[in-house]
Amino acid sequence: MSALSGLLLAVASGALWGAIGMIVTGVTLTLVTGAVAIPQIGAGALAGMAQAVFLIWRQNGRAGTHVPVLGALVGFVVLLAVSFAAPFSLPMSVITGWQILALAAFLGALTFANQVCLSDVPMGPMTRYHRELVYIRLAKGIGFVLFSIMVALPFYVMVMTSLKSQQALLANPLDLSIDLSQGIGSLFRSYVELFTQYNFGRYLLVSAFVSVSTVILTLLFSVPGAYAVSRLRFPGRATLSRSVLLIYMVPAIVLVIPLYAVFSQLGLRDSLVGLLIVYPATTIPVALYMLQGYFRGLPSELEEAGLMDGLTRLGVILKITLPLSLPALASVSLYVFMIAWNEFLFAFMFLDNPDIFTLSRGIVSLNSSEVPRQHLMAGAVIATVPVLVIFLWFERFLVQGLTAGSVKG
Amino acid sequence: MTAADTHTEDLARPNTASQPPKGVGPMERREARLAYLMLAPTFLIVLGIVMGPLLANFWISVKPVKLGDLRPPTVLVNERVRGSAEAPGDPVTLEYRLRNSTQDKEIRDVILTDTLPAGFTPETVPELCSISGRELTCGIGTIPGQWRDRLRIEGTVNSEFLALNRPGRESEPVIAGDADNVLTSLDFTLENFIEVFDGAEFWSVLRVTFYYTVFGTGGALVLGLFAAQLLHTAFRGRSVLRGLFLFPYVSPVIAVAFTWVILFDPFSGTVNALLTKMGVVETPINFFGERAISYSLFGIPMEFPLALTTVIAFEAWRYFPLSFLFILARMQSINTDMYEAAEMDGATPLQQFWYLSLPQLAGILSVLFLLRFIWTFNKFDDIFLLTGGNAGTRTLTVDVYEQGFALSNLGAGAAVAVVVFVLLVTFAMIFLHFSPKEEGL
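Just so you know, these numbers come straight off a predicted model, no measurement behind them. (Residues numbered from 1 in each chain as written. Chains lettered and ligands numbered in written order. Predicted model: local features only at pLDDT ≥ 70, side-chain atom pairs only at ≥ 80, totals over all residues.)

(A) Expanded view of the overall build of chain B. The number of helices and strands found in chain B is 14 helices and 10 strands. The burial tally for chain B puts 35% of its 441 residues in the buried class. Sequence-distant contacts, at least 24 apart, represent 72% of the contacts inside chain B between residues at least 6 apart. (Helix = DSSP H or I, 4+ residues; strand = E, 2+ residues; numbered from the N terminus. Buried ≥ 20, exposed ≤ 12 C-beta atoms within 10 Å, placed from the backbone. Contact = placed C-beta atoms within 7 Å.)

(B) Structural view of the overall build of chain A. Check the secondary structure of chain A and you find 19 helices and zero strands. For a compact globule of 409 residues, the expected C-alpha radius of gyration is about 22 Å, and chain A comes in at 29 Å, more than 25% above that figure. Each of the three principal axes of chain A carries a C-alpha extent, and together these read 80 × 55 × 35 Å. Relative to its 409 residues, chain A shows a buried fraction of 48%. In chain A, of all internal contacts separated by at least 6 residues, the share reaching a separation of at least 24 is 78%. (Rg over C-alpha atoms; globule rule 2.2 N^0.38 Å.)

(C) The environment of Glu160(B), seen in detail. Note that Glu160(B) resides in helix 3 (residues 159-163). Distance from Glu160(B) to Ala118(B), taken between C-alpha atoms, is 6.6 Å for residues 42 residues apart in sequence.

(D) Representation of the sheet that holds strand 4 (residues 120-124) of chain B. Residues and elements named next belong to chain B. Ordered by their spatial adjacency, four strands build an open sheet running 1-2-7-4, and the pairing between neighbours is antiparallel. Two strands in the sheet have a free side with no partner beyond their single neighbour: strand 1 (75-82) and strand 4. Between one strand and the next, the sheet's axes are offset by a mean angle of 30°, whatever the strand orientation. Examined bridge by bridge, strand 1 and strand 2 (residues 91-100) share eight bridges and lie antiparallel to one another. Its bridge partner being in strand 2, Arg-82 is matched across the sheet by Thr-93. (Pairing = 2+ DSSP bridges. Axes fitted to C-alpha atoms, helices over the stretch in contact; angles between N-to-C directions.)

(E) Layout of the interface of chain B and chain A. Residue-level contacts link 78 residues of chain B with 84 residues of chain A. If you tally residues by element for the side of chain B that touches chain A, the top one is helix 2 (residues 26-61) of chain B, at 19 residues.

(F) Broad picture of the domain arrangement of chain B. Looking at chain B, the domain boundaries give domain 1 (70-179) and domain 2 (192-434). Distance from the C-alpha centre of domain 1 of chain B to the C-alpha centre of domain 2 of chain B: 62 Å. (Domains from an automatic or database assignment.)

(G) Structural detail: the packing of helix 6 (residues 238-250) of chain B against helix 9 (residues 306-332) of chain B. Residues and elements named next belong to chain B. Direction vectors running N to C along helix 6 and helix 9 enclose 125°, while the axes themselves pass 7 Å from each other. One way to sum up the angle between helix 6 and helix 9 is to call them oblique. Where helix 6 crosses over helix 9, the handedness of that crossing is left-handed. Between helix 6, through Phe-245, Leu-246, Pro-248 and Tyr-249, and helix 9, the contact on the second element is made entirely by Trp-317, Arg-318, Tyr-319, Pro-321, Leu-322 and Phe-324. Classifying every residue of the contact of helix 6 with helix 9 by side-chain character gives nine nonpolar, no polar and one charged. (Parallel < 35°, antiparallel > 145°, perpendicular 65-115°, else oblique. Left-handed = near helix turned anticlockwise from the far one by under 90°. Nonpolar A, V, L, I, M, F, W, Y, C, P; charged D, E, K, R; others polar.)

(H) Broad picture of the packing of helix 5 (residues 128-162) of chain A against helix 7 (residues 253-263) of chain B. One way to put it is that helix 5 of chain A packs onto helix 7 of chain B with a least axis distance of 9 Å and a crossing angle of 85°. When the interaxial angle is binned, helix 5 of chain A and helix 7 of chain B end up roughly perpendicular. Every residue of helix 7 of chain B that contacts helix 5 of chain A at Pro154(A), Val157(A), Met158(A) and Thr161(A) is listed here: Ala255(B), Val256(B), Thr259(B), Trp260(B), Ile262(B) and Leu263(B). In terms of residue class, the contact of helix 5 of chain A with helix 7 of chain B is built from eight nonpolar, two polar and no charged.

(I) View of helix 3 (residues 67-82) of chain A. Residues and elements named next belong to chain A. Its 16 residues place the ends of helix 3 22 Å apart at the C-alpha level, agreeing with the 22 Å of an ideal helix rising 1.5 Å per residue. When we look at burial in helix 3, the residues that qualify are Gly-71, Val-74, Gly-75, Val-78 and Leu-79. Projected onto a plane normal to the axis of helix 3, the buried residues spread over an arc of 125° and lie on a single side. Of the residues one or two after helix 3, Phe-84 is the one with positive phi, at around 50°. (Expected span 1.5 Å × (residues − 1). Arc of directions from axis to C-beta.)

(J) Molecular detail of the environment of Val229(A). All names here are of chain A. Tracing the backbone shows Val-229 in helix 9 (residues 200-231). For the pair Val-229 and Val-192, spaced 37 residues apart in sequence, the C-alpha separation works out to 50 Å. Not counting residues up to four positions away in its chain, the partners in contact with Val-229 are Arg-237, Leu-240, Ser-241, Leu-288 and Gln-292.

(K) A look at the domain arrangement of chain A. All names here are of chain A. Domain annotation for chain A reports domain 1 (5-180) and domain 2 (194-405). Relative placement of domain 1 and domain 2: their C-alpha centres are 45 Å apart. Every contact between the two is made by seven residues of domain 1 and, on the other side, seven residues of domain 2. Broken down by element, the residue count for the side of domain 1 that touches domain 2 peaks at four residues, all from helix 5. Here the residues of the side of domain 1 that touches domain 2 are counted per class, giving three nonpolar, three polar and one charged.

(L) A look at the pairing of strand 2 of chain B. Residue and element names in this part refer to chain B. Along strand 2, the buried face is formed by Val-92, Leu-94, Tyr-96, Leu-98 and Asn-100; none of Pro-91, Thr-93, Glu-95, Arg-97 and Arg-99, which line the opposite face, is buried. The pairing of strand 2 with strand 7 (residues 148-157) spans nine bridges and is classified as antiparallel. Each residue of the ladder has a partner; that of Thr-93, found in strand 7, is Glu-154.

(M) Region of interest: the environment of Leu73(A). Residues and elements named next belong to chain A. Its location among the elements puts Leu-73 in helix 3. With 15 C-beta atoms counted inside 10 Å, the residue Leu-73 sits in the partly exposed group. With 314 residues separating them along the chain, Leu-73 and Val-387 place their C-alpha atoms 45 Å apart.

(N) Highlighting the sheet that holds strand 8 (residues 174-179) of chain B. Residues and elements named next belong to chain B. Pairing within the open sheet is antiparallel, and its four strands lie in the order 5-6-3-8. Both edges of this open sheet fall to strand 5 (129-132) and strand 8, since each of them pairs with a single strand only. Ignoring which end each strand starts from, the neighbouring axes of this sheet average 15° apart. Two elements, strand 5 and strand 6 (residues 135-143), share four bridges in a ladder whose sense is antiparallel. Counted as the bridge partner of Ser-130 is Thr-137 from strand 6.

(O) Region of the structure containing unusual backbone geometry. Residues and elements named next belong to chain A. Look at Phe-84: it is not a glycine, yet its phi comes out positive at around 50°. Within the element layout of this structure, Phe-84 appears in the loop between helix 3 and helix 4 (96-118). With 10 C-beta atoms counted inside 10 Å, the residue Phe-84 sits in the exposed group. Of note, the phi angle at Ser-89 is positive, near 55°, even though the residue is not glycine. Residue position: Ser-89 is located in the loop between helix 3 and helix 4. What makes Ser-89 partly exposed here is the crowd of 16 C-beta atoms within 10 Å.

(P) Summary view of the confidence of the model for chain B. Residue and element names in this part refer to chain B. Considering every residue of chain B, the mean pLDDT works out to 83; 93% of them sit at 70 or more. Low pLDDT, under 50, characterises residues 1-14; the predicted model gives this stretch three contacts beyond four residues in sequence or across chains. Here the prediction assigns the complex a pTM of 0.85, and the interface score ipTM is 0.90. (pLDDT = per-residue confidence, 0-100.)

(Q) Structural view of helix 8 (residues 270-277) of chain B. Along helix 8 of chain B, the positions that sit buried rather than exposed are Thr270(B), Asn272(B) and Ala273(B). With its buried residues spanning 165° around the axis, helix 8 of chain B presents them on a single face. Of the surrounding elements, those touching the buried residues of helix 8 of chain B are helix 5 of chain A together with helix 7 of chain B. Downstream of helix 8 of chain B by a residue or two, Gly279(B) has a phi angle that is positive, lying close to 80°.

Listed below in structure tokens is the structure:
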């Protein structure tokens, strides 16, 4: 191995971080302010490189408390020198405050990343173990940046677009800043219009009604079923508990044509009753599967004691089994609620009458050239916020539900 | 077991003479009955809404059913009073106009019943009709398609009739009749399957389905594995990040799909604006609308399926949280002793990942691949909302919709659905055969 492999690694890692940091801050600056800030990637990479070399040089001498500050200073000087004092290809007189903020964020992030990645890296030769440690740190760091952007960017765009006006969107699609000067009323204009002119209040209520009813119906059907499968002995039990999952694999699109034909003839198609027949039918198998797994884990001695003391089977289920399985019931309910709330296909195929649109169906009707797209995004936000709030509130239960039942997707 | 024990057991069950009971006792039977009773509602609804339609698909797929055929043929009837009666004794004519609602379907045993308006005394009645009291019944018999006719009943009126606000409107005429329902009739055709398999489109649909399923599943799995590695070790803010990483999966498909469409819009989308303004590309890229980009690799012209790739990227983005959750859960249950031992033996981090972590995760990875493979294959909403199946992204599931509803040919749609189902059963068989038992799914 080369006698300077530590130094080479530091140079590569520093350049990588400099480039990534520059791209991310430049793009973020653009999206936040609307000014086109073209990041000087080369300058960023050079700054990162210089800083990395400085850091490992200092590390190998005596450790000082000023190292991070000095490192940031090195990065700053190199960046400004190489990019001719315009790291974002903008003169410093434009959006000065934001540029300084972006610069500070870049230097802070760069110094942090370099320090974490290059801690204990010598100038000289390194063992394979230590080199791989640095590779993994690099990969993980890049992973964090990549995943966070990948997940957060669409949601950020969704929310910000819904707060813009048509003219602003057409004038500069890059400008995703919030213009607070226009006042709250004008900021939330899309939402106000959706609720006043597009009947979204009603859609919200219908969606809530359908989802909650689906949860209740599903539990009513699946609790006795799951109890029977997990506690009672009967011929065909093993086959049944296995085939439940197979039913679950049947795609909705295969069911939709026959159901459409039959429901049309029965007059159930354009009605919430029709939806409330189909939704529970698709969620009951998985609810049953999740619940029977949980019931099986409960000690059966408790129930036997209840039976001995004179409770009926129903009494045992209501007074012993259900109270013990509240966490499982919560998981199943949340999971089923999420499926029903997010359901699109049947709502889209079945509902024609705008009075009984669910949110999903209502948003599809917004997807036309006559409706401005900030309305579409506001509709998307309205549909997303309730699920996300519930999800964050009950994350523990929902994650359990997802892992137990998420053979479906 | 000692001899004494055996003896007491024998005493306790003198009739069975130390043999275990055979057959089903009354207790077992009661328990089984209770179980069936508790399962009956589930069984019925699943039978009706899942199994029934599955079989019905096979039925519909061999029938010449169009979307318009779902409205059953009926006789449309319109009642009106002709002639202006001003004084009692004046003549008026009650006229029923009848029409077959379809062009080509006959309706049998058509019977019209109605209540005559009060104060109307019929004088001439068509021979098809009979009147008892005020009840009118006309047996019209079998009528062909496009048939239309009038029935006239002449009569006189008295003052009671004249006092009515709108005579003839207080009772609606009722029509009864039988028509062949195309769904329940017995004409069959193979036309649907011929149409589906003959189309040049079908094989490209099959290919797109294959690419979408394999790469969508693989992408979600790889991203999930990567994300799980990131969040495996504890650090501040881990639970926040874990929550954030689940957002794509938890949010409604309609919201995230439209967000992607707007994000990648060629004219005003953020991504294209960024790419053009920063000088990465000359002209905006139509991510969801461009079927293929041509390029040449070492002089060989190649095509890159752009829209399909974007759709696959969406699939991987939306479903990586699921594999991430499963893989993370599995990783956290791996015993750390093994890693300590490996560390002592000088295994490098990548070796530890490759030779220790991956084999431990192989079980869950294969189960996830099987399940996600089936679910990606089943996926309809995502592609439908992103591209509507255009630009070379039409999978089998989108084709079901396209044939059945966009082209209004329910029979052909059902034929595609049958293809989907048969492939699905094949996959399920293969997977059940190969899936590892120990993961308990």
